[in-house]
Amino acid sequence: MPRTTSRTHRAALCALGLCLGGLTLSSPLHADAPPGRYVLRACGTVVFDTKTKLEWQRGVNAEADVANALGICGALALDGGGWRVPTMLELVSIQDLSRFAPAIDLRAFPGTPNTNFATVSQPAPPTNPPSYWVLSFGTGIPDVAVSTTPNRLASSRCVRSAP
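A. Structural view of the overall build of the protein. On a plain count of helices and strands, the protein comes out with three helices and nine strands. When the elements of the protein are put in sequence order from the N terminus, they spell out α-β-β-β-β-α-α-β-β-β-β-β. Split into buried and exposed, the 163 residues of the protein put 43% on the buried side. Expressed as a percentage of contacts within the protein between residues at least 6 apart in sequence, the contacts between residues at least 24 apart total 58%. Carbon and sulfur atoms make up 61% of the accessible area of the protein, which amounts to about 8,500 Å² in all.

B. How the structure looks around the state of the cysteines. For the coordinates displayed, the defined rule picks out one disulfide. Covalently, Cys 73 is tied to Cys 158 through a disulfide, its sulfur atoms 2.0 Å apart. Torsion about the S-S bond of the Cys 73 and Cys 158 cystine: about -90°, corresponding to left-handed handedness. Of the two residues, Cys 73 sits in helix 2 (residues 66-75) while Cys 158 sits in the loop between strand 8 (153-156) and strand 9 (159-161), which places them 85 residues apart along the sequence. For Cys 158, a relative accessible area of 0% gives the class buried.

C. Seen up close, the pattern of salt bridges. Applying the stated criterion across every chain yields a total of six salt bridges. Across the pair Glu 55 and Arg 41 runs a salt bridge whose closest N-O atoms are separated by 2.8 Å. Separated by 14 residues along the polypeptide, Glu 55 in strand 3 (residues 54-57) and Arg 41 in strand 1 (residues 38-41) bring together distant segments of the chain. Looking at Arg 41, the relative accessible area reads 31%, which means it is partly exposed. Residue Arg 99 is joined to Asp 96 by a salt bridge in which the shortest nitrogen-to-oxygen separation is 2.9 Å. On the basis of relative accessible area, Arg 99 is assigned to the partly exposed category, the value being 29%. Several salt bridges converge on common partners, so that one network encompasses Arg 41, Glu 55, Asp 79 and Arg 160.

D. Geometry of the sheet that holds strand 9. Strand order in the open sheet made by the four strands is 1-2-3-9, with antiparallel pairing throughout. The strands lining the two open edges of the sheet, one partner per strand, are strand 1 and strand 9. For this sheet the average axis-to-axis angle between neighbouring strands, irrespective of direction, equals 30°. Alignment of strand 3 against strand 9, held across three bridges, turns out to be antiparallel. Residue pairing for strand 9: Leu 54 is matched across the bridge by Ser 161.

Rules used in this analysis
- Residues numbered from 1 in each chain as written.
- Predicted model: local features only at pLDDT ≥ 70, side-chain atom pairs only at ≥ 80, totals over all residues.
- Heavy atoms only, no water.
- Helix = DSSP H or I, 4+ residues; strand = E, 2+ residues; numbered from the N terminus.
- Buried < 20%, exposed > 50% of the residue type's maximum accessible area, 1.4 Å probe, protein only.
- Contact = heavy atoms within 4.5 Å.
- Areas by Shrake-Rupley, 256 points an atom, 1.4 Å probe, with all protein chains shown as cover.
- Disulfide = S-S within 2.5 Å.
- Salt bridge = Lys/Arg side-chain N within 4 Å of Asp/Glu carboxyl O.
- Pairing = 2+ DSSP bridges.
- Axes fitted to C-alpha atoms, helices over the stretch in contact; angles between N-to-C directions.

Pasting the structure below:
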């Protein structure tokens, strides 16, 4: 019998309605987006985007300066790890401009604050210290933040390629 990875094993348990940590899902949940766009996985902690084939952390990490926000995703152990900070293009793909404050599907991504979210995308030309694009889910407007500016905090929502 082939060895099952912990990520695959947890997905199988969730499909059966058996979850670790007390959250039980009897079937995949869907969000307010067009039917089938987002599917909750890993007992509701991961959102699979069927359009982009990306998996998103459903929750939000604490605000930090952009340099530290970039390190948070690499250390995230959620559902087996493999997380990273999204590019601006990836982050904009979950933005919903038909909504405001926050401009995102709240059934798929509950508790999303009206703050800037970090990306790994950098404006041209490069700056020293590095600057990164951030996206406000409060307004839906992108902005640039210098990576080490303490008063320019950004939240982070991690992403990974689906298996």
